[in-house]
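If you want the building blocks of each chain, they are given just below.
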Amino acid sequence: MPSSVSLYQFNDAANGKCQSTAKDLTSLMLAASKDRPTAKKANHHDRLLYIYTSGTTGTSSSVLPFIILAKFRQDDIFYTPLPLYHTAGGIMNAGQAILFGATVVIRKKFSASGYFPDCQKYKCTVAQYIGEMCRYVLATPPSPSDKAHQIRLVFGNGLRPQIWPQFVERFKIPRVAEFYGATEGNANIVNIDNTVGAIGFVSRIIPQVYPISIIRADPATGEPIRGRNGLCQLCKPNEPGVFIGKIIEGNPSRAFLGYVDKAASEKKIVRDIFKKGDSAFLSGDLLTADERGNLYFKDRTGDTFRWKGENVSTSEVEAQVSNVAGYRDAVVFGVEIPNLEGRAGMAAILDPERTVDLKALADGLRKALPTYARPLFVRLLVKVDMTGTFKLKKLDLQNEGFNPEIVTDPLYYLTSKGQYEELTMDAYAKICSGEIRF
């Protein structure tokens, strides 16, 4: 990658000037040669572009197969409120206009209350979502526009199983195409048969049809767990493991192109999987597959923490906390308690108006989650940081933990009576000393 970047902009229509840090793109284009450039014959090993990715779940490498499987049509009218710098909005959606001449309706900024009214107004037939978007739309008050649209399909990734049925029923959605993949990955999957919560399907009868697998791995690090022979082990039905895509030499659709940083690329490759010398792209995501072959997203490796001898999936707990708290933003993470093994669950909930009913929260989570997965600490947030694609940030919250001297937001802990009470400095000291036990 170049060490410096030049900025370009069109002339300012008002004064014909451009910023001192930019170059006038109009002048450069007019001065450019009109002769056809000469170039060597391209092949699939040539670099086409660089994609900036945070490493979170997304997709770009299997666009055409997804289009075929999702059954997009040239006469569809697509709706997206996603930023076009993200491959989901810029390729999966806006790309339909470039490749097939379909109509694409683009909203500059996502609006939960405007999502289906927009679809109704512009007669959209396919709508896109990502991350927590569906939950925000579901949290809006009921409206006549909920079902007064022509949407035949919604597609994207991040529709949680815990709200999938409610979303489909309320907004009268005939079909959901939930897809999964990594921007830099070599394998993508899609749910094409409306199985609630699934992100794809790979037959258990003939798994070799698509070269992906779920292997046993440490949920905290994603490191494959190997057998006595030094090879990886396939997960059994409903057993969480890390998703891998087999790298096949000479097959461009199964290649792993990697990152500009070669060392970072090597970390995403696992070798000697099922035989000596083979290799695969290591996604870093934990998935499960049921007896039939339906695949379900479990969590990101590292987001799972261990408490009371059990692995706790933060994404599953976040979904339940959000549902019980009225579809509010919620992040869940593990925090350390002195002299105790593992990490205790903590939930941070967006509640600037202080309207969360803590008793109802405790009662609801008791019904929805096993004992080991219930958050022992709750923090009510005034605001929450999010990425541009509606993924919640949690690292700073995790680092601050549950210390009332550090955290200025209201804090609560789960008492032996099963209710959340204010976490005072006295209670904090007793928890740290072991006087209050969990």
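What counts, and at which threshold
- Residues numbered from 1 in each chain as written.
- Predicted model: local features only at pLDDT ≥ 70, side-chain atom pairs only at ≥ 80, totals over all residues.
- Heavy atoms only, no water.
- Helix = DSSP H or I, 4+ residues; strand = E, 2+ residues; numbered from the N terminus.
- Buried < 20%, exposed > 50% of the residue type's maximum accessible area, 1.4 Å probe, protein only.
- Contact = heavy atoms within 4.5 Å.
- pLDDT = per-residue confidence, 0-100.
- Salt bridge = Lys/Arg side-chain N within 4 Å of Asp/Glu carboxyl O.
- Pairing = 2+ DSSP bridges.
- Phe/Tyr/Trp six-rings, centres within 6.5 Å; stacked < 30°, edge-to-face > 60°.

Participant: Please set out the overall build of the chain residue by residue, giving values where relevant.
Facilitator: The secondary structure content of the chain amounts to twelve helices and 21 strands. Among the 438 residues that make up the chain, the fraction classed as buried is 48%. In the chain, of all internal contacts separated by at least 6 residues, the share reaching a separation of at least 24 is 64%.

Participant: Break down the confidence of the model for the chain for me, citing the residues and quoting the values.
Facilitator: Any residue range with low pLDDT should be treated as having predicted coordinates unsuitable for detailed reading. Across the chain, pLDDT averages 86, with 89% of residues at or above 70. When the criterion is pLDDT under 50, residues 1–15 qualifies, and its contacts beyond four places in sequence or with other chains add up to 27 contacts. Below pLDDT 50 for its whole length, residues 55–62 participates in 30 contacts with residues either more than four positions away or in separate chains.

Participant: Residues and numbers for unusual backbone geometry, please.
Facilitator: Although it is not a glycine, Asn194 adopts a positive phi angle of roughly 70 degrees. For Asn238, which is not a glycine, the phi torsion comes out positive at approximately 70 degrees.

Participant: Run through the pattern of salt bridges, naming residues and quoting values.
Facilitator: The tally for this structure, following the rule as stated, stands at 20 salt bridges. In this structure, Arg160 and Glu132 form a salt bridge, with 2.8 Å as the shortest nitrogen-oxygen distance. Remark: Glu132 occurs in the loop between strand S5 (126–130) and helix H6 (133–138) and Arg160 occurs in the loop between strand S6 (153–157) and helix H7 (164–170); sequence separation between them is 28 residues. Across the pair, Glu132 and Arg160 agree in class, each one buried. One salt bridge in this structure joins Arg271 and Glu266, with 2.9 Å as the shortest N-O distance. A residue is classified by how much of its surface remains accessible, and Glu266, at 40% relative accessible area, is partly exposed. Through salt bridges with shared partners, one network takes in Glu132, Arg135, Arg160, Glu318, Asp329 and Lys394.

Participant: Give a description of the environment of Val168 that names residues and reports values.
Facilitator: Inspection of the secondary structure puts Val168 in helix H7. Here Val168 falls in the partly exposed class, since its relative accessible area comes to 22%. Residues Val168 and Val154, 14 residues apart in the sequence, show an inter-C-alpha distance of 9.6 Å. If we ignore the near neighbours within four places in the chain, the residues touching Val168 are Ile173 and Val176.

Participant: Break down the sheet that holds strand S3 (residues 77–80) for me, citing the residues and quoting the values.
Facilitator: In space, the six strands of this open sheet follow the order S4-S3-S5-S6-S7-S8, with mixed pairing throughout. Looking at the sheet topology across the chains shown, the edges are occupied by strand S4 (103–106) and strand S8 (189–190). Sheet topology places S6 next to strand S7 (residues 176–180); three bridges connect them, and they run parallel. Note on S7: the bridge partner recorded for Gly156 is Glu178.

Participant: With reference to specific residues and values, describe the environment of Ile106.
Facilitator: Among the secondary structure elements, Ile106 is positioned in strand S4. Along the primary structure Ile106 and Leu82 are separated by 24 residues, whereas in three dimensions their C-alpha atoms are 7.9 Å apart. Aside from chain neighbours lying at most four places away, what touches Ile106 is Thr80 and Leu84.

Participant: So what's going on with the environment of Ile173? Which residues, and what values?
Facilitator: Along the chain, Ile173 falls in the loop between H7 and S7. On the basis of relative accessible area, Ile173 is assigned to the buried category, the value being 6%. Beyond its immediate chain neighbours, meaning those up to four positions away, Ile173 contacts Phe116, His149, Ile151, Val154, Phe167 and Val168.

Participant: Give a description of the packing of aromatic side chains that names residues and reports values.
Facilitator: A complete count under the given rule lists 14 aromatic pairs for this structure. An angle of 55 degrees between the planes, with centres 5.1 Å apart, marks the rings of Phe167 and Phe171 as tilted. The two residues Phe167 and Phe171 agree in class, both being buried. A ring pair is formed by Phe402 and Tyr428, whose centres lie 5.4 Å apart and whose planes are at 65 degrees; its orientation type is edge-to-face. With Phe402 in the loop between helix H11 (395–400) and strand S20 (411–414) and Tyr428 in helix H12 (residues 425–433), the pair connects residues that are 26 residues apart, well separated along the chain. Side by side, Phe402 and Tyr428 carry an identical accessibility label, which is buried. Through a chain of ring-to-ring contacts, three or more aromatic side chains come together here, namely Tyr79, Tyr115, Phe116, Phe167 and Phe171.

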